[in-house]
Amino acid sequence: MIVNRGTDHGVKESWPVITQDGIVGVTVSASKKSSKVLLLIDPNCNVASLVQRTRDQGIVGGQTKKDAYIM
């Protein structure tokens, strides 16, 4: 996915992309006016995670099924 925010807006590579609903991916490249985002639903995308209630740590990644994740 390409978004209309880039280095002119303070975006850097490998930064998390977050909406009001939570994390959606990470930036894989950034130019002056736009950035490429690898979405969390992609099987090639993995992010560190923490279960707040139990404090268990893990890695969350996308699956080949739509909107499916595994930790």
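For the structure itself, look to the data block above.
Everything in this summary refers to the structure shown in the same document. (Residues numbered from 1 in each chain as written. Predicted model: local features only at pLDDT ≥ 70, side-chain atom pairs only at ≥ 80, totals over all residues. Heavy atoms only, no water.)

Quick word on the nonpolar core
Counting residues in hydrophobic clusters, the biggest one holds 5 residues: V26, L40, C45, V47 and V60. Excluding its chain neighbours within four sequence positions, the residues that come into contact with L40 are I23, V24, G25, C45, V47, V60, G61, G62 and Y69. (Core = buried A, V, L, I, M, F, W, Y, C linked by side-chain atoms within 4.5 Å. Buried < 20%, exposed > 50% of the residue type's maximum accessible area, 1.4 Å probe, protein only. Contact = heavy atoms within 4.5 Å.)

Concerning the pairing of strand β6 (residues 57-62)
Consecutive side chains of a regular strand alternate in pointing toward one face of the sheet and then the other. As judged from the 5 bridges shared by strand β5 (residues 46-50) and β6, these two strands associate in the antiparallel manner. Note on β6: the bridge partner recorded for A48 is I59. If you look at the hairpin formed by β5 and β6, you'll find 6 residues sitting between the two strands, and R55 has a positive phi there, around 65°. The sheet contact formed by β6 and strand β7 (residues 69-70) spans 2 bridges and is antiparallel. Pairing of G61 across the sheet is with I70, part of β7. (Pairing = 2+ DSSP bridges. Helix = DSSP H or I, 4+ residues; strand = E, 2+ residues; numbered from the N terminus.)

A few points about the pattern of salt bridges
Counted under the stated rule, the structure contains 1 salt bridge. Put simply, D8 and K33 hold a salt bridge, and the shortest N to O gap is 3.3 Å. Of this pair, D8 sits in the loop between β1 (2-3) and β2 (16-19) while K33 sits in the loop between β3 (22-30) and β4 (35-39), placing them 25 residues apart in sequence. Under the relative-accessibility criterion, D8 is labelled partly exposed at 44%. A relative accessible area of 56% places K33 in the exposed class. (Salt bridge = Lys/Arg side-chain N within 4 Å of Asp/Glu carboxyl O.)

Re the sheet that holds β1
With respect to topology, 4 strands assemble into an open sheet ordered β1-β4-β3-β2, the strand pairing being antiparallel. In this open sheet, the two edge strands, each paired with only one partner strand, are β1 and β2. Across 4 bridges, the pairing between β2 and β3 is antiparallel. Considered in β3, the bridge of V17 is made with G25.

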